Amino acid sequence: MASGGGSVASLWTEVNRCGQNGDFTRALKALNKILHEVRDDVTALHCKIVCLVQNGSFKEALNVMNTSSKVLGSDLVVFEKAYCEYRLNRVESALKTIESASEQTDKLKELYGQVLYRLERYDECKAVYTDLIRNSQDEYEEERKTNLSAVVAAMSQWEKACPDDLGLPETTYELCYNAACTLIGQGQLTEALNKLRQAEELCRVSLADDSDVTEEDIESELAVIHSQMAYIMQLQGRTEEALQLYNQVIKLKPSDVGLLAVTANNIITINKDQNVFDSKKKVKLTNAEGVEYKLAKKQLQAIDFNKALLAMYTNQADQCRKLSSSLQSQNPGHPRPVLIQVAQLCREKQHLKGIELLQQFSDQHPESASGIKLTMAQLYLTQGHVTKACDILRSVEDFKHKQGIVSALVTMYTHEEDIDSAIDIFSQAIQHYQSQQPGSSSHLALVREAANFKLKYGRKKEAISDLEQLWKQNTNDIHTLAQLISAYSLVDTDKAKSLSKHLPSPDTMSFNVDVDELENSHGANYVRKKAAKVTGENLPKEQGQGEIKKKRKKKKGKLPKNFDPKATPDPERWLPMRERTYYRGKKKGKKKEQIGKGTQGATAGAAAELDASKTASSPPTSPRPGSASGSAPTAAGNVVPPRQQKPAAPGATRKKAPQKKKKGGKGGW
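All residue numbers refer to positions counted from 1 along the written sequence of the respective chain. Restriction of local features to residues with pLDDT of at least 70 applies here, the model being predicted, together with a cutoff of 80 or more for giving and counting side-chain atom pairs; totals for whole chains, interfaces and linings are based on all residues. Values reported for side chains reflect all heavy atoms of the structure, with hydrogen atoms and water molecules removed beforehand.

Engineer: How should the packing of aromatic side chains be read in this particular structure?
Structural biologist: To describe a pair of aromatic rings, one takes the distance between the centres and the angle between the planes. Pairs were defined over the aromatic rings of Phe, Tyr and Trp, the Trp ring being its six-membered one, requiring ring centres within 6.5 Å. Orientation was assigned from the angle between planes: stacked under 30 degrees, edge-to-face over 60, tilted for the rest. If you walk through the whole model with that rule in mind, you get five aromatic pairs. Between Y117 and Y122, the aromatic rings sit 5.8 Å apart at their centres with planes inclined by 65 degrees, giving edge-to-face as the arrangement. Y122 sits in the buried class, given a relative accessible area of 4%. Ring plane angle 50 degrees and centroid distance 4.8 Å describe the contact between F453 and Y457, whose orientation is recorded as tilted. A 1.4 Å probe rolled over the protein chains alone gives each residue an accessible area, and that area as a share of the maximum for its type sets the label: buried under 20%, exposed over 50%, partly exposed in between. Judged by relative accessible area, which is 10%, F453 ranks as buried. In textbook terms, an aromatic cluster arises when at least three aromatic residues are bridged by ring pairs, as seen for F58, F79 and Y83.

So, in structure tokens, the structure goes:
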């Protein structure tokens, strides 16, 4: 026993020394030897659990606590047990363990705040950290303030809450970063971007003092700040700059899988239906192990929605349906999974099926029906069912009196030539604003539009009440008064006359204009000349006055040379020759007239004249003795051209053709 006691004491000395040096692996070996000697030593078991936690062996530490629960009791290792469950992402179990503790120590409260943050119970988490900061004074005060600022930022971003100013400092880059996230949640993007630049500067300054930190380490630490900067630029519409920053973060390959997933998701949202190959590569980063424990529920939800949309854009219809159905089962009241399914159906030209799906969701979840019904109306319009679209829009109680919806309904009813329904829309909207916001700019604008619409479509009697209401609001409005008098002139002439008394006199309406000066001005002559020309064209012409413009005579169409007005024209004259019924084709074997053959200088015309076979009756080859062809030639002026010669009498001999005279000759003597 003495030797055993001596060895245990030396082992405890070893444990103490290793613990002070941070060598928990060697301390664990010594503790195992102690527990081998003294199996139920509570202190040794507790120290072993601490060493396992320090080494990151959380499952093994939980096993030791569970197997030795009777020896250790419930309160001795409650913090260690809750911490192991928290680190193993068993957050609900950790919460139960903390709440089961008999006493809430400071370290348990610290862990309780972390657990509440992971569970997104931000109001309770904020109360815990506020209490800790108020009642604690140690070297961890700055970390607690950082955690509290992170809670405030999460409330601003995910719950759209407007938290109170807690007076937190911005002395570190973590505090400055969280303040920027709070501003993003409040929509103050420019201020948030400036705050992020300030956080970047603080980060560089704080890390530059450490000689062991390299430039790559600084860039890795700045990755989350740069990613948030890119997000603000994306919200501002500066997508090119945002995409450049996002890609820089991806190239750094930071160890934070949550940061990589968010950055990759945002790149996918910029790509949309373009650059699909890059999006398919980036979506793999959102599937990394442990992402679900690093991000908020809304971030994970947004990533899942974008996966379904990417499947739709890449024509993976089955995958898109599978993802959207899974999203709908996880978020039964959220409209976006249904809208994704309907978008996929529309890509497949199944619009009616998409409308049925929207109607079914609208009936099951009336609280989310407003946006769904707008989509239904759009689908009905694409199918050409304008009246059905109008009925859907009129059933949306949240929007039906808004000016945009009223304008759309009036336009659609006018397109369908249903003027009564359009006027009814105006009347309902005016009654709504009369009861809710009487005399407001929106109310008066609707009354004005209703009056103009009724006047445009000849409903002057119906426009009287609207015009009276407008004129009572502003009795100096001469235009409205004139419209009112015009409307009353059809209904009540006495009323129209009485109202006309309110019209200003011509003297008050005339302007103090010097007519002579106006006529003599530089631009007046041109204007007057132009006006006179217009009025001159419109004035009726006096009897006998000739037209200023001469009418252009229509040219007579040219007729063919051989046109015979008595003959019936060929009904097939417009058809090509080959398509006419009497066309028999070209005669084969008929030799074409050969050009350029024969004696030098001969022409085709001459050859045709000398061809005896082409004449009706061939004359003798030589003149008979004593014929007139042998007489002396006459003067050149008395020569009758061959085409003007009269044909010879029957039986008479053909005269010999006169000889061709030389150029410039005057005939023989």
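Engineer: What exactly am I supposed to notice about the environment of W158 here?
Structural biologist: Runs of E in the DSSP output that reach at least two residues are strands. Runs of H or I that reach at least four are helices, and both are numbered from the N terminus. Note on placement: W158 falls in helix α10 (residues 141–158). Residue W158 is classed as partly exposed on the basis of its relative accessible area, which comes to 24%. In sequence terms W158 and K298 are 140 residues apart; their C-alpha atoms lie 7.3 Å from each other. Discounting chain neighbours no more than four positions away, the residues touching W158 are Y122, A296, K298 and Q299. Should any heavy atoms of two residues lie within 4.5 Å, those residues are considered in contact.

Engineer: I would appreciate a short explanation of the side chain of T263 in the present structure.
Structural biologist: Counting through the fold element by element, T263 comes out in helix α15 (residues 257–271). For T263, a relative accessible area of 0% puts it in the buried group. When residues no more than four places from it in sequence are discounted, the contact partners of T263 are S227, Y246, V249 and I250.

Engineer: Could you clarify how one ought to interpret unusual backbone geometry in this entry?
Structural biologist: Glycine aside, residues mostly have negative phi angles, and peptide bonds mostly take the trans form. Within the chain, K272 stands out as a residue other than glycine whose phi angle is a positive 55 degrees. Its location among the elements puts K272 in the loop between α15 and α16 (276–282). Overall, the relative accessible area of 54% leaves K272 in the exposed class. The backbone of N275 sits at a positive phi, close to 50 degrees, despite the residue not being glycine.

Engineer: Any chance you could explain the packing of helix α9 (residues 122–135) against α10 here in plain terms?
Structural biologist: Each pair of packed helices gets described by two things: the angle between the helix axes and the distance between those axes. Note on geometry: axes are C-alpha line fits, over the in-contact stretch for helices, and angles between N-to-C directions span 0 to 180 degrees. Two elements in contact, α9 and α10, have axes whose closest approach is 10 Å; the angle formed by their N-to-C orientations is 155 degrees. The angle between the axes of α9 and α10 places the two elements in the roughly antiparallel class. Viewed along their axes, α9 and α10 form a crossing whose handedness is left-handed. Listed contacts from α10 to Y122, D123, C125, K126, Y129, T130, L132 and I133 of α9 are R144, K145, N147, L148, V151, A154, M155 and W158. Of the residues assigned to the contact of α9 with α10, the class counts are ten nonpolar, two polar and four charged. Note on terminology: angles under 35 degrees are roughly parallel, angles over 145 are roughly antiparallel, angles of 65 to 115 are roughly perpendicular, and the others are oblique. Working rule for handedness: look at the near helix, and if it is turned counterclockwise from the far one by less than a right angle, call the crossing left-handed; if clockwise, right-handed. In the scheme used here, Gly and all other residues not listed as nonpolar or charged are polar, with Ala, Val, Leu, Ile, Met, Phe, Trp, Tyr, Cys and Pro taken as nonpolar and Asp, Glu, Lys and Arg as charged.

Engineer: Looking at this structure, I do not really get the confidence of the model for the protein. What am I missing?
Structural biologist: Regions with low pLDDT should not have their predicted coordinates read in detail. What pLDDT expresses is the predictor's confidence in each residue, scored from 0 to 100. Taken over all residues, the pLDDT of the protein has a mean of 80, while the share at 70 or more is 81%. Across residues 526–547, confidence stays below pLDDT 50; counting only partners more than four residues off in sequence or on other chains, it has three contacts. Low pLDDT, under 50, characterises residues 660–669; the stretch is placed with nine contacts to residues that sit more than four places away or in other chains.

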